[in-house]
Amino acid sequence: MYAILDIETTGGKFNEEGITEIAIYRFNGHEVTDQFISLVNPERDIQPFVVKLTGINSNMLKNAPKFYEVAKRIVEITEDCILVAHNTAFDYRILQTEFNRLGFDYKKKTLCTVELSQKLIPDLPSYSLGKLVRSLGIPVTDRHRASGDALATVKLFKLLLDKDANKTIISNTVKKENPDSIKPKHLDLIRDLPNITGVYYLHNTNGDVIYVGKSKNIKNRVNQHFTGTSKKAKHLQKQVSSITFEACGNEMIALLKESDEIKKIKPHFNRALTRNTFTYALYKFKDENGYINLNLDKADGRKKSITTFTNKQSGKHFLEKMVEDYKLCLKLVGLERTNKACFNQTIKKCEGACIGAESPETYNQRIDMLIERYSYENQDMIIVDRGRTHDERSSVLIKNGIFKGYGYFNLNHQINNLKILETIITPMENNRDTQHIIQAYLRKHPKLKIIPLKPEA
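Procedures and definitions
Residues numbered from 1 in each chain as written. Predicted model: local features only at pLDDT ≥ 70, side-chain atom pairs only at ≥ 80, totals over all residues. Heavy atoms only, no water. Helix = DSSP H or I, 4+ residues; strand = E, 2+ residues; numbered from the N terminus. Buried < 20%, exposed > 50% of the residue type's maximum accessible area, 1.4 Å probe, protein only. Contact = heavy atoms within 4.5 Å. Areas by Shrake-Rupley, 256 points an atom, 1.4 Å probe, with all protein chains shown as cover. Phe/Tyr/Trp six-rings, centres within 6.5 Å; stacked < 30°, edge-to-face > 60°. Lys NZ or Arg CZ within 6 Å of the ring centre and 35° of its normal. Salt bridge = Lys/Arg side-chain N within 4 Å of Asp/Glu carboxyl O. Pairing = 2+ DSSP bridges.

**Examining the overall build of the protein**
Scanning the protein for helices and strands turns up 18 helices and 16 strands. Referenced to the eigenvectors of the C-alpha coordinate spread, the extents of the protein come out at roughly 95 × 60 × 35 Å. Counting every position in the protein, which comprises 457 residues, the buried fraction comes to 52%. Sequence-distant contacts in the protein: of pairs separated by 6 or more residues, those separated by 24 or more amount to 62%. A total accessible area of about 23,400 Å² is found for the protein, and carbon and sulfur atoms account for 49% of it.

Following this line, the structure appears as structure tokens:
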């Protein structure tokens, strides 16, 4: 659990500042669960430059509560939390100074979004909150007011959690929040898990990830782990100390994250899952008459394929549907072996490419349309799908036929501006597994929104 905060002060000499406004959002890694926002009477003068910067003046604070009147609420909302702020050293020092004046020793673990941003989003020109969120396309209102800056930090931290591919933030948090060797019951572990699409992580007592999985219903899937009776399931059950998860919004991103993070983290209990996710592939070749033929065959990494399948049957079903959708020839897609006209030609569902009645140019145009839709070779595009909340959408970025990564956006300008899009995207490796996942998802969801990218000026 995190307490994401921002504090506005009077300014002045070091350790003599007073708080004029404070905002704290209690954040569980997915959503805000509580918040506290208040002006504070600092009982001292505010520096003129601060008044100009924040708009907070002494008249506004005359009837505001003094710090000792809000101290209990601050303790309550930050209980069992790691403090997160943009330049945490400042906000944490101010809080500790105020509590020290009351004779209270206030100590918390902290995370700094400046340091995390420098590590996870390197080479940006500035890491000041205003310039950083602007470069990431994150909307911010009431700049230099505690509530506006704290809420912008929440959105930034959520993005940083997405970009933390090695799960350093979560693993360290789990380790800090679970110092005891006593394990909670499995029922307690799954009690607060949601019934949503996402990726889940099973941790041991050290906070290390020992298993990564994905599901359309995280709670049900984890419950299956704990009710399994196999030797492996029982071994896993003994080692699980805590569970974390990440909402994905849709199955494609869940599949991509699961595949990517198993490769990066290499969890102990995922090693048995290093299997090929596809065994068959669709290839093309031109025959002596100039027609593009399709051929479903066993996957061969040395050959360039159009798309891949988990088994031969799913490949065959795909071809049957393509014959219907694009009016293709059963003979030229390998579904019928004959030296004469294919069956569909006899019932007028084939334009006659099998007997030369349709020109290669006309027939090949439809094949090219199929390939463009399902292979994304040499294409620049964004695949848009559901996000994690009702007002959010996900984006998968393809450049020159290469998968670059995924991200989430709330505003259209974030995906219409390629520079912002590439910054908010969480990079992922382009490999045969990611290609298969994306192509299979596009086949399964043919009405998915695809936005072609305009060439950069």
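**Digging into the environment of lysine 131**
Residue placement: lysine 131 occurs in helix 6 (residues 129-135). Here lysine 131 falls in the partly exposed class, since its relative accessible area comes to 49%. Expressed as a C-alpha distance, the spacing of lysine 131 and glutamate 98, which sit 33 residues apart in the sequence, is 29 Å.

**Remarks on the packing of aromatic side chains**
Scanning the model with the defined rule gives ten aromatic pairs in all. When the centroid spacing of 6.2 Å and the interplanar angle of 70 degrees are considered together, the rings of phenylalanine 27 and phenylalanine 157 count as edge-to-face. Here phenylalanine 27, found in strand 2 (residues 19-27), pairs with phenylalanine 157, found in helix 7 (residues 146-163); they are 130 residues apart in sequence, far enough to count as distant. Both residues of the pair, phenylalanine 27 and phenylalanine 157, belong to the buried class. Where phenylalanine 318 meets tyrosine 374, the ring centres are 5.2 Å apart and the plane angle is 85 degrees; that geometry is what we call edge-to-face. With a gap of 56 residues between them, phenylalanine 318 in helix 13 (residues 312-326) and tyrosine 374 in helix 15 (residues 360-375) connect regions that are remote in the sequence. Like phenylalanine 318, the residue tyrosine 374 is buried in the burial classification. Put simply, the rings of Phe67, Phe99, Phe104 and Tyr106 touch in pairs and so form one group of aromatic residues. Positioned above the aromatic ring of tyrosine 408 is the side chain of arginine 388, whose terminal nitrogen or guanidinium carbon lies 3.7 Å from the ring centre.

**A closer look at the pattern of salt bridges**
Following the criterion strictly, the structure yields 21 salt bridges and no others. A salt bridge links arginine 388 to aspartate 162; its shortest N-O distance comes to 2.9 Å. Here arginine 388, found in the loop between strand 12 (381-386) and strand 13 (393-399), pairs with aspartate 162, found in helix 7; they are 226 residues apart in sequence, far enough to count as distant. Arginine 388 sits in the partly exposed class, given a relative accessible area of 21%. On the basis of relative accessible area, aspartate 162 is assigned to the buried category, the value being 8%. Across the pair lysine 264 and aspartate 260 runs a salt bridge whose closest N-O atoms are separated by 3.2 Å. One end of the pair, lysine 264, and the other, aspartate 260, are both in helix 12 (residues 251-265), four residues apart, so they sit about a helical turn from each other.

**Thoughts on the pairing of strand 10 (residues 292-298)**
Pairing between strand 9 (residues 280-286) and strand 10: seven bridges, direction antiparallel. Bridge pairing in strand 10 links alanine 281 to aspartate 297. Two successive antiparallel strands, strand 9 and strand 10, enclose a turn made up of five residues, where glycine 290 displays a positive phi of approximately 90 degrees.

Any functional reading would require information beyond the geometric quantities listed.
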